[in-house]
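If you want the building blocks of each chain, they are given just below.
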Amino acid sequence: MLNIQKKLPGRLPKVGIRPIIDGRRKGIRESLEEQTMRMAKSTADLISKKLRHSNGLPVECVISDTTIGGVAEAARCADKFAQEGVGVSLSVTPCWCYGMETIDMDPLIPKAIWGFNGTERPGAVYLSAALAGHDQAGLPAFGIYGKDVQDQDDNSIPEDVEQKLLQFTKAGLAAATMRGKSYLSIGSVSMGIAGSQISPDFFCDYLGMRNEYVDMTEITRRIEEEIYDKEEYKKALSWVKENCKEGEDRNREDLKHSRSQKNAEWEMVVKMTLIARDLMVGNKRLTELGFTEEAEGHNALVAGFQGQRQWTDYLPNGDFMETILNTSFDWNGIREAFVFATENDSLNGVSMLFNHLLTDRAQIFSDIRTYWSPEAVKRVTGKELTGLAKDGILHLINSGATTLDATGKQKEEGKSTMKPFWEITEEEEKKCLENTKWSPANLEYFRGGGYSSTFYTQGIMPVTMVRINLVKGLGPVIQIAEGYTVNLHPEIHHILDERTDPTWPTTWFAPRLTGKGAFRDVYSVMNNWRANHGAISYGHIGKDLITLTSMLRIPVAMHNVPDEKIFRPKAWASFGTSDLEGADFRACANFGPLYGKK
């Protein structure tokens, strides 16, 4: 069963289309009305057909009631957009128009202008003039201009224009979706990890989000006081018994838990999953059970669970809870994956959130555990790395939140993939579960027991590894590494995997190298990665992340995206055109965080 639904309160952000026109009456404006409005409608049609929200619901576009030739019509359009809940603004025009009279002046809404490349009317001239006005007003906007001249009666959207329209809009929707939502911290700092020291300034100023906090004892309270849907719990436990195969218990004999203990741990981790979900998004069923306050949830688009060590030293770990929430299915069927961070690493949680909102897919949370050089692999295994892995690999592994979508058992044209949930079949769900075992937790790490998902990501998939870090005096920066998951010779995988914890899910990652800087070789990628965690998404989405982070004013400290794919506001060129990375830092510092006050 497929579950497409809106989980959180409030309207989904809409895309506002602003048809801009030459305001001169008695001939000029009248001759352009039809073409200008047609351009707006074709843009709205493209967006509605090609994009969805991450929950699977369609993206709605709102077109101004009239073309906009002056400031009064711009004001009426702004009023309509405010009433309709527009979160992304896209202006389109085939002609010269009055620049500062017609631009969108809302400082909090991402905005772009498409200026038609045609010789009959100078749409490109308006585009340049309007973007200069945006820059002068401190309102960075994206400029979209096709590389080939079109005829005046050509109603098509060229491929290069379409790509930029969709790239901008999807990133803008991601920014708008985060605004007003929450990061829910369940617990506090895990093992001294800096990312679990929540920074409310970062969330508020850069993302427009708030922070919500509950102690981990809220989970035990809800278990003890039975504040969960007991009918759903029975359904969930039955599904787990049928679909979640228990793996090998590799603990020492003197540490192993009894069968009765293990059964009790299964029951508890299922309840933990139900409760963590309810804490994030609420549950109307709890109102019927007499728990109206608890039914509301925390409006959390993303959450994290501290776990270690105050919890895991005596209670089952959060691995099952984190994995199932991050997966595109559970006992209620196929549904949108939640975004849930292990060890309450909020910065990796936000990295996962960016990826999820841009791709509509479940995300991998991993430790960036080990760099294996070709020489080290040959020494340890006696075998050579080949194919995409020939220059070395990174071992991505973590006991917790790696989604089951990452098994590689979802297929497209026979190749492994990770799909938007609405494309996943029940047969693919079944194969993901069949290729996962749930191993009893390593009791030297997790004294309270629990279960870790055990699988090996199979298949070659394009993926992007991402991480946001906070730097004192600088603020947030993001790192991006595109590459591929790789299949290793079974003997190589077995020997390398046994050197860490083989009960945890493993993904082997080969970054795409450029021969210079942080991507000179695989060792350089590992050596320049600035945290112990990473968020890994299906697809090469570095260009989309760069577009989104420029909206939010988060500079990119490391990436391997080709320059020709980078799409930022036009103002960034004023900060330098030869050193794009340096220009990005300067532009972000100049304009400041999207929701901050300079």
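Now for a look at the structure at hand. A quick note: this is a predicted structure, and the numbers were derived from the prediction, not measured.

Re the overall build of the protein
Counting its secondary structure elements, the protein contains 19 helices and 24 strands. A globule of 598 residues ought to have a C-alpha radius of gyration of about 25 Å, and the protein, at 25 Å, matches this closely. Projecting the C-alpha coordinates of the protein onto the three principal axes gives extents of approximately 90 × 65 × 50 Å. Only carbon and sulfur atoms are counted for the fraction: they give 48% of the accessible area of the protein, which is about 23,700 Å².

Considerations on the packing of helix α5 (residues 159-178) against helix α13 (residues 346-359)
Axis separation between α5 and α13 bottoms out at 9 Å; the angle between their running directions is 130°. When the interaxial angle is binned, α5 and α13 end up oblique. Between α5 and α13 lies a crossing of right-handed hand. Two secondary-structure elements touch here, α5 through Lys-170, Ala-171, Ala-174, Thr-177 and Met-178 and α13 through Leu-353, Phe-354, Leu-357 and Leu-358.

Section: helix α4 (residues 123-137)
Here α4 is 15 residues long and its end C-alpha atoms lie 21 Å apart, about the 21 Å a rise of 1.5 Å per residue gives. Of all the positions in α4, only Gly-123, Tyr-126, Leu-127, Ala-130, Leu-131, Gly-133 and His-134 are classed as buried. Seen from one end, α4 has its buried residues packed into an arc of 155°, which puts them on one side. Looking at the buried side of α4, the elements it contacts are β4 (86-93), α3 (99-102), β5 (111-115) and β6 (142-144). Positive phi appears at Gly-138, one or two residues downstream of α4, with a value of about 75°.

Description of the packing of aromatic side chains
Per the stated rule, a full pass over the model turns up 18 aromatic pairs. Ring geometry for Phe-421 against Trp-422: centres 5.3 Å apart, planes inclined by 75°, an arrangement best described as edge-to-face. Residue Phe-421 is classed as buried on the basis of its relative accessible area of 1%. Judged by relative accessible area, which is 17%, Trp-422 ranks as buried. Through successive ring pairs, a cluster of aromatic residues spans Tyr-183, Phe-202, Phe-203 and Tyr-206. Just above the ring of Phe-338 sits the side chain of Lys-7; from NZ or CZ to the centre is 3.7 Å. The ring of Tyr-233 is capped by Lys-271, whose NZ or CZ atom sits 5.0 Å from the centre of that ring.

Overview of the nonpolar core
Ranked by size, the top nonpolar core spans 133 residues in total, and within it Met-178, Ile-186, Leu-207, Phe-320 and Phe-354 carry the most contacts. At 11 residues, helix α9 (residues 259-281) tops the list of elements feeding residues into this core. Apart from residues lying up to four places away in sequence, Leu-207 is in contact with Met-178, Arg-179, Phe-202, Val-350, Phe-354, Leu-552 and Tyr-595.

Notes on the side chain of Glu-322
Mapped onto the fold, Glu-322 is located in helix α12 (residues 319-325). Among buried charged residues, Glu-322 stands out as having no salt bridge; its nearest opposite-charge side chain is Arg-369, 12 Å away. Leaving out residues up to four positions away in the same chain, Glu-322 has contacts with Phe-305, Phe-340, Ala-341, Thr-342, Glu-343, Gly-400 and Ala-401.

Focus: helix α16 (residues 490-498)
Counting along an α-helix, one turn takes 3.6 residues, and residues three or four places apart therefore face a common direction. For α16, every residue scored as buried is listed here: Ile-492, His-493, Leu-496 and Asp-497. Angular distribution of buried residues about the axis of α16 spans 115°; they occupy a single face of the element. Summarising the contacts, the buried residues of α16 are in contact with β14 (364-372), α14 (374-381), β15 (393-397) and β22 (506-511).

Some thoughts on the packing of α5 against helix α18 (residues 542-552)
Where α5 contacts α18, the axes come no closer than 9 Å and their chain directions differ by 50°. By the angle class used here, α5 and α18 are oblique. Between α5 and α18 lies a crossing whose hand is right-handed. Of α18, the residues touching α5 (which contributes Gln-163, Gln-167, Phe-168, Ala-171, Gly-172, Ala-174, Ala-175 and Met-178) are Lys-543, Asp-544, Thr-547, Leu-548, Met-551 and Leu-552. Partitioning the contact of α5 with α18 into residue classes produces 8 nonpolar, 4 polar and 2 charged.

Comments concerning the sheet that holds strand β7 (residues 182-186)
What the 4 strands build is an open sheet, ordered β8-β7-β10-β13; its pairing is parallel. Both edges of this open sheet fall to β8 (210-214) and β13 (340-342), since each of them pairs with a single strand only. Direction aside, the axes of adjacent strands within the sheet are offset by 20° on average. Of the pairings in the sheet, the one linking β7 to β8 comprises 5 bridges and is parallel in character. Bridge assignment links Ser-185 to a residue of β8, and that residue is Tyr-213.

Concerning the pairing of β4
In terms of burial, β4 is largely enclosed, as 8 of its 8 residues are buried. In terms of strand pairing, strand β2 (residues 14-19) meets β4 through 6 bridges, oriented parallel. The residue of β4 that forms the bridge with Pro-19 is Val-92. Where β4 lies against β5, 5 bridges are found, and the strand directions are parallel. Along β5, the bridge assignment pairs Val-92 with Trp-114.

Calculation rules
Residues numbered from 1 in each chain as written. Predicted model: local features only at pLDDT ≥ 70, side-chain atom pairs only at ≥ 80, totals over all residues. Heavy atoms only, no water. Helix = DSSP H or I, 4+ residues; strand = E, 2+ residues; numbered from the N terminus. Rg over C-alpha atoms; globule rule 2.2 N^0.38 Å. Areas by Shrake-Rupley, 256 points an atom, 1.4 Å probe, with all protein chains shown as cover. Axes fitted to C-alpha atoms, helices over the stretch in contact; angles between N-to-C directions. Parallel < 35°, antiparallel > 145°, perpendicular 65-115°, else oblique. Left-handed = near helix turned anticlockwise from the far one by under 90°. Contact = heavy atoms within 4.5 Å. Expected span 1.5 Å × (residues − 1). Buried < 20%, exposed > 50% of the residue type's maximum accessible area, 1.4 Å probe, protein only. Arc of directions from axis to C-beta. Phe/Tyr/Trp six-rings, centres within 6.5 Å; stacked < 30°, edge-to-face > 60°. Lys NZ or Arg CZ within 6 Å of the ring centre and 35° of its normal. Core = buried A, V, L, I, M, F, W, Y, C linked by side-chain atoms within 4.5 Å. Lys, Arg positive; Asp, Glu negative; His and termini not counted. Salt bridge = Lys/Arg side-chain N within 4 Å of Asp/Glu carboxyl O. Nonpolar A, V, L, I, M, F, W, Y, C, P; charged D, E, K, R; others polar. Pairing = 2+ DSSP bridges.

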